[in-house]
There are 4 protein chains.
Amino acid sequence: MVRMSADEKRRVILDAAVRVFAERGFNAARVSDIADEAGVAYGLMYHYFRSKDEVLDTLFLDRWNVLLQAISEVDAGDLDPRDKLYAITGFIVDSYRHDPDLMKVIIVEVTRAANSFGRKHLDKIREAFDLIADIVEAGQQSGRFRDHVTPRFAAMAFYGAIEQVLTGWIFDVLPQGDMEFEQAKTFVVETICGGLEAPTTSPI
Amino acid sequence: MVRMSADEKRRVILDAAVRVFAERGFNAARVSDIADEAGVAYGLMYHYFRSKDEVLDTLFLDRWNVLLQAISEVDAGDLDPRDKLYAITGFIVDSYRHDPDLMKVIIVEVTRAANSFGRKHLDKIREAFDLIADIVEAGQQSGRFRDHVTPRFAAMAFYGAIEQVLTGWIFDVLPQGDMEFEQAKTFVVETICGGLEAPTTSPI
Amino acid sequence: MVRMSADEKRRVILDAAVRVFAERGFNAARVSDIADEAGVAYGLMYHYFRSKDEVLDTLFLDRWNVLLQAISEVDAGDLDPRDKLYAITGFIVDSYRHDPDLMKVIIVEVTRAANSFGRKHLDKIREAFDLIADIVEAGQQSGRFRDHVTPRFAAMAFYGAIEQVLTGWIFDVLPQGDMEFEQAKTFVVETICGGLEAPTTSPI
Amino acid sequence: MVRMSADEKRRVILDAAVRVFAERGFNAARVSDIADEAGVAYGLMYHYFRSKDEVLDTLFLDRWNVLLQAISEVDAGDLDPRDKLYAITGFIVDSYRHDPDLMKVIIVEVTRAANSFGRKHLDKIREAFDLIADIVEAGQQSGRFRDHVTPRFAAMAFYGAIEQVLTGWIFDVLPQGDMEFEQAKTFVVETICGGLEAPTTSPI
DNA sequence: GATGAATGAGATTTCATTCAT
DNA sequence: TATGAATGAAATCTCATTCAT
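The model shown is predicted, which means the values in this text are computed figures rather than measured ones.

Visitor: How would you summarise the pattern of salt bridges if you had to cite specific residues and measurements?
Guide: Taken as a whole and judged by the stated rule, the model has 78 salt bridges over all chains. The salt bridge partner of Glu 54 of chain A is Arg 50 of chain A, with a shortest N-O separation of 3.0 Å. The buried category is assigned to Glu 54 of chain A, whose relative accessible area is 19%. For Arg 50 of chain A, a relative accessible area of 71% gives the class exposed. A salt bridge links Arg 112 of chain D to Glu 163 of chain D, with the nearest nitrogen and oxygen atoms 3.2 Å apart. Here Arg 112 of chain D, found in the loop between helix H6 (100-111) and helix H7 (117-120), pairs with Glu 163 of chain D, found in helix H9 (residues 151-171); they are 51 residues apart in sequence, far enough to count as distant. Residue class for Arg 112 of chain D comes out buried when judged on its relative accessible area of 3%. We classify Glu 163 of chain D as buried; its relative accessible area is 2%.

Dropping the structure here:
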């Protein structure tokens, strides 16, 4: 057995928790499942985490902060609003591609769990909406986006579309693969920015 | 106490369950909470339902079948595809307006609960996506919709946008009220069909 | 539906209870099972019996009193002790042949249930042993039986042998059929009275 | 409190279960009774056993395998058939003398419980009958035993006699004590092998 | 008598958390 | 750190019995 630093052991437990939560869901997952999956002793989890909740909190916050950071950076850049939304979509899709279990856990067990962790982390989740809304608002002010919907509303629709696509993958309702992932980025942005409708050819 | 038929008593229990599930979430809700809320004895719930699960299954299926019926009818009509999507959005939003607790339970505890009831009812949920995808596909074939995204994909984005808006209301992240509900219908369809972007003025 | 007298209805319930108790055992049998099997309303059982226990008590006592009566009559007769034991064995075996379910219930749920109904009806059960012991004792006094074992002890061995044979049928460990039933009567008495051993031929 | 190995703790729980099952019967015994009797926490029982059933299964199988082993050894020896039966009787009686509660539980809750554990362990129980039947059969072939009854039948009668004697002690219908135990061994074998009857003096 | 809805005590089982070593 | 035995508070579900009609 290779010796591990405390941080590495912590990491091993978190990674095991991701797999277990993804497989069984947070509620059905037992602490012993995580310990077994991590190959550590039952009680050891409690040296690194105060509770089972804290494990999920940690998983969520670590990843969500990265997401917020990414969105902030996109926000600060000077791309077109459509390209900013594309960059955000790309980041989220690539997050899923890179670690689907982790994204599944975060979405299913936190951002969509309105009665438990979702409510607990609501402010954190809302930060993302706010940043996206800022992008939309800036787009409207620059004239690139129409102002027929409120920025906050548009942000929800945009984020909802992405999350549902990820849910489609998680549920195996949508096909997955490198091509599909790339397509999804374009599709989401095309749908939300360009709209489904064909431009009406003006008469004359 | 007014005499009740068996169906009415069943209804009383279902209604109480909606309130309890909405308030505490399915997992945290105890059967005794439901019985208390309904004002009936503990065991009576098991006279009408085989298990706590069956209560949620019943709530979901009853409502979801109504939704499927509504979408089917819209589908069968001869409205413009945009108007069909508007009608569906309207139906869902009005469902929420009419009984927010029930819609909260259905969305939070079933359609978004990928590891428990969501998986169990996946086929039923997918039916809705399929019907919506049919509308998109018909729109594409008639030339009203562009075919830059697959119908299935568009259906997911559209449904995700609606669900996220409802989630916004559930989370109290978006303002609620009659005006907001009506606006939401327009906004969702505007966003998905018309797109966020301003039409680029073609040079000359 | 044919009208029934109260006694007939009572009988219907008792008969149904026999089948249910035989099939599932007293503990696993639900009152509703009995009502269903009898084709009567759930609560009706409580018009005829004070409790589920009382149903089994009734089944046992009715039958056991018949058995005690039969043994008493045999006892009072002037047969050989071996023939008396044969008559008793015959009565019990024929009871099983006539209504195996009832005998199964009485043996399995009462006479062998030392921690529940067996203890409750111990005195009644003991009466049978006493009567049998009387026969053995009389046999010993008349010189027909050796007095190498106490009458009480012999009675237990005799009754135990019969009950185990019935258990063999109940468990399907011994073959059943008219021939087997008749054989069993002889076998039990042969074994207990004659013994398994061949008589040692005295030298000279 | 003295430290205990896992096996010792397991033993403590099993021993407590024996006392509780003997006292109240398996059905009436609550898991909490066992825990209290063992002086351990409620949940610990579930650390060592999967269920309440498994506790009884364990008690039965452990002891019954010892019995089967003992019978097998007797079987393999070259004693007279009568002496073999005596040895088996002796083993069972001594088992009762050594741990009456355990034997009570095994007999009352398993071997005589045709609708629950008896059926479950029927094959195991039957093994004992088969081994005994083998002894009888060998006795018949050697001419020591008459062949007026089938070996299987004789085995049932023999075992039934023993079990009923034990039941007599359990029910307190037969007197107990070292002398009675020794007597019982002789009595059972005398009764089954020698028979109750006095040899008929052949008329010149 | 007849019905079956209503009651609620109780039992098993689970499992997060603690803790002694 | 590391271990896994020990704890005990729930929670679900069952079902005998009662009772209003």
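Visitor: Break down the relation of the copies chain D and chain C for me, with residues and values.
Guide: Least-squares fitting of chain D to chain C yields an RMSD of 0.1 Å, with the transformation described by 0.0 Å of translation along the axis and a rotation of 180°. As the rotation angle and translation indicate, the two copies are arranged about a two-fold axis. Across chain D, the smallest distance between a C-alpha and the rotation axis is recorded for Gly 195 of chain D, namely 1.7 Å.

Visitor: Would you mind going over the side chain of Asp 57 of chain B in detail, with residue names and values included?
Guide: By the secondary structure assignment, Asp 57 of chain B is in helix H4 (residues 52-76). With sequence-adjacent residues up to four places away left out, Asp 57 of chain B is seen in contact with Phe 117, Lys 120 and His 121 of chain B.

Visitor: Give a description of the interface of chain D and chain C that names residues and reports values.
Guide: Taken together, the 57 residues of chain D in the interface contact 57 residues of chain C. Buried surface at the junction of chain D and chain C, summed over both partners, amounts to about 5,000 Å²; 63% is from carbon and sulfur atoms. Taken together, the links from chain D to chain C amount to four salt bridges. The tally of links from chain D across to chain C stands at twelve residue pairs in polar contact (both at pLDDT 80 or more). Elements represented by at least two residues in the side of chain D that touches chain C include exactly helix H1 (6-24), helix H5 (81-98), H6, H7, helix H8 (122-142), H9 and helix H10 (178-194) of chain D. Counting residues per element, the side of chain D that touches chain C draws most heavily on H9 of chain D, at 14 residues. Taken together, the residues of the side of chain D that touches chain C break down into 28 nonpolar, 14 polar and 15 charged.

Visitor: Describe the protein's contact with DNA strand F, with residues and values.
Guide: In the vicinity of DNA strand F lie 31 residues, with Arg 30 of chain B together with Lys 9, Ala 41, His 47 and Tyr 48 of chain D positioned nearest. At the protein interface, 64% of the atoms of DNA strand F within 4 Å belong to sugar or phosphate. Contact distances for DNA strand F include 3.1 Å between a phosphate oxygen and a backbone N or O atom of Ala 41 of chain A. At a separation of 3.1 Å, a base oxygen of DNA strand F approaches a polar side-chain atom of Tyr 42 of chain C. Looking at the surface near DNA strand F, the elements that each hand over two or more residues are helix H1 (6-24) and helix H3 (45-48) of chain A together with helix H3 (44-48) of chain D. Top element by residues in the surface near DNA strand F is H3 of chain D. It accounts for three residues. Of the residues assigned to the surface near DNA strand F, the class counts are 18 nonpolar, six polar and seven charged.

Visitor: Any chance you could break down the domain arrangement of chain A for me, citing the residues and the numbers?
Guide: Residues and elements named next belong to chain A. When its domains are assigned, chain A resolves into domain 1 (1-50) and domain 2 (56-196). For domain 1 and domain 2, the distance between their C-alpha centroids amounts to 28 Å. At the interface, ten residues of domain 1 touch ten residues of domain 2. Between domain 1 and domain 2, roughly 860 Å² of surface is buried when both sides are summed, and carbon and sulfur atoms account for 74% of that area. Summed over the three residues of domain 1 that lose the most area to domain 2, namely Val 18, Ala 22 and Phe 26, the buried surface amounts to 56% of that side. Our enumeration of links across domain 1 and domain 2 arrives at zero salt bridges. Applying the counting criterion to the domain 1 and domain 2 interface returns two residue pairs in polar contact (both at pLDDT 80 or more). Split into classes, the residues belonging to the side of domain 1 that touches domain 2 amount to seven nonpolar, one polar and two charged.

Visitor: Explain the environment of Glu 127 of chain D to me, and be specific about the residues and the numbers.
Guide: Residue and element names in this part refer to chain D. Tracing the backbone shows Glu 127 in helix H8. Under the relative-accessibility criterion, Glu 127 is labelled partly exposed at 36%. Distance from Glu 127 to Tyr 48, taken between C-alpha atoms, is 28 Å for residues 79 residues apart in sequence.

Visitor: I'd like a description of the arrangement of the chains, backed by residues and values.
Guide: Separated without contact, chain A and chain C have their nearest C-alpha atoms at a distance of 31 Å. Regarding chain B and chain D, which are not in contact, the minimum distance between any of their C-alpha atoms is 22 Å.

Visitor: Before we move on, can you summarise helix H10 (residues 178-194) of chain C with the specific residues and values?
Guide: Its 17 residues place the ends of H10 of chain C 23 Å apart at the C-alpha level, agreeing with the 24 Å of an ideal helix rising 1.5 Å per residue. Residues of H10 of chain C that are buried include every one of Phe 181, Ala 184, Lys 185, Phe 187, Val 188, Val 189, Glu 190, Thr 191, Ile 192, Cys 193 and Gly 194 of chain C, and no others. Of the surrounding elements, those touching the buried residues of H10 of chain C are helix H5 (81-98) and helix H9 (151-170) of chain C together with H9 and H10 of chain D.

Visitor: Got a sec to walk through the relation of the copies chain A and chain B? Specific residues and values, please.
Guide: Rotating chain A by 180° and translating it 0.0 Å along the rotation axis places it on chain B, where the RMSD comes to 0.1 Å. A share of 100% of interface residues in chain A that are also interface residues in chain B marks the association as one of identical surfaces.

Visitor: Go over the interface of chain A and chain B, please, and point to the residues and values.
Guide: Taken residue by residue, the interface counts 57 residues in chain A and 57 residues in chain B. For the pair chain A and chain B, the summed buried area comes to about 5,000 Å², and 63% of that belongs to carbon and sulfur atoms. Viewed at the interface, chain B and chain A are joined by twelve residue pairs in polar contact (both at pLDDT 80 or more). Those elements giving two or more residues to the side of chain A that touches chain B turn out to be H1, helix H5 (81-98), helix H6 (100-111), helix H7 (117-120), helix H8 (122-142), helix H9 (151-170) and helix H10 (178-194) of chain A. Ranked by residues supplied to the side of chain A that touches chain B, first place goes to H9 of chain A with 13 residues.

Visitor: So what's going on with the protein's contact with DNA strand E? Residues and values would help.
Guide: What surrounds DNA strand E is a group of 31 residues, the closest being Lys 9, Ala 41, His 47 and Tyr 48 of chain B together with Tyr 42 of chain D. The contact in question runs from a phosphate oxygen of DNA strand E to an N or O atom on the backbone of Lys 52 of chain A, over 3.1 Å. Gly 43 of chain C is positioned such that a nitrogen or oxygen atom in its backbone is 2.9 Å from a base nitrogen of DNA strand E. Taken together, the residues of the surface near DNA strand E sort by class into 18 nonpolar, six polar and seven charged.

Visitor: Provide a residue-level description of the packing of aromatic side chains, including the pertinent values.
Guide: Counted by the stated rule, this structure contains 37 aromatic pairs over all chains. Judged by centre distance (5.1 Å) and plane angle (55°), the rings of Phe 21 of chain A and Phe 26 of chain A are tilted. Each member of the pair, Phe 21 of chain A together with Phe 26 of chain A, is buried. A network of ring pairs unites the aromatic residues Phe 60, Trp 64, Phe 129 and Tyr 159 of chain A as a single cluster. Across from the ring centre of Phe 26 of chain B, 4.5 Å away, lies the NZ or CZ of Lys 52 of chain B, which sits over that ring.

Cut-off values and rules
Residues numbered from 1 in each chain as written. Chains lettered and ligands numbered in written order. Predicted model: local features only at pLDDT ≥ 70, side-chain atom pairs only at ≥ 80, totals over all residues. Heavy atoms only, no water. Salt bridge = Lys/Arg side-chain N within 4 Å of Asp/Glu carboxyl O. Buried < 20%, exposed > 50% of the residue type's maximum accessible area, 1.4 Å probe, protein only. Helix = DSSP H or I, 4+ residues; strand = E, 2+ residues; numbered from the N terminus. Least-squares fit on C-alpha atoms with pLDDT ≥ 70 in both. Contact = heavy atoms within 4.5 Å. Buried area = accessible area lost by both parts, 1.4 Å probe. Polar contact = N/O pair within 3.5 Å; in protein donor to acceptor, adjacent residues only side chain to side chain. Nonpolar A, V, L, I, M, F, W, Y, C, P; charged D, E, K, R; others polar. Near = heavy atom within 4 Å. Domains from an automatic or database assignment. Expected span 1.5 Å × (residues − 1). Phe/Tyr/Trp six-rings, centres within 6.5 Å; stacked < 30°, edge-to-face > 60°. Lys NZ or Arg CZ within 6 Å of the ring centre and 35° of its normal.

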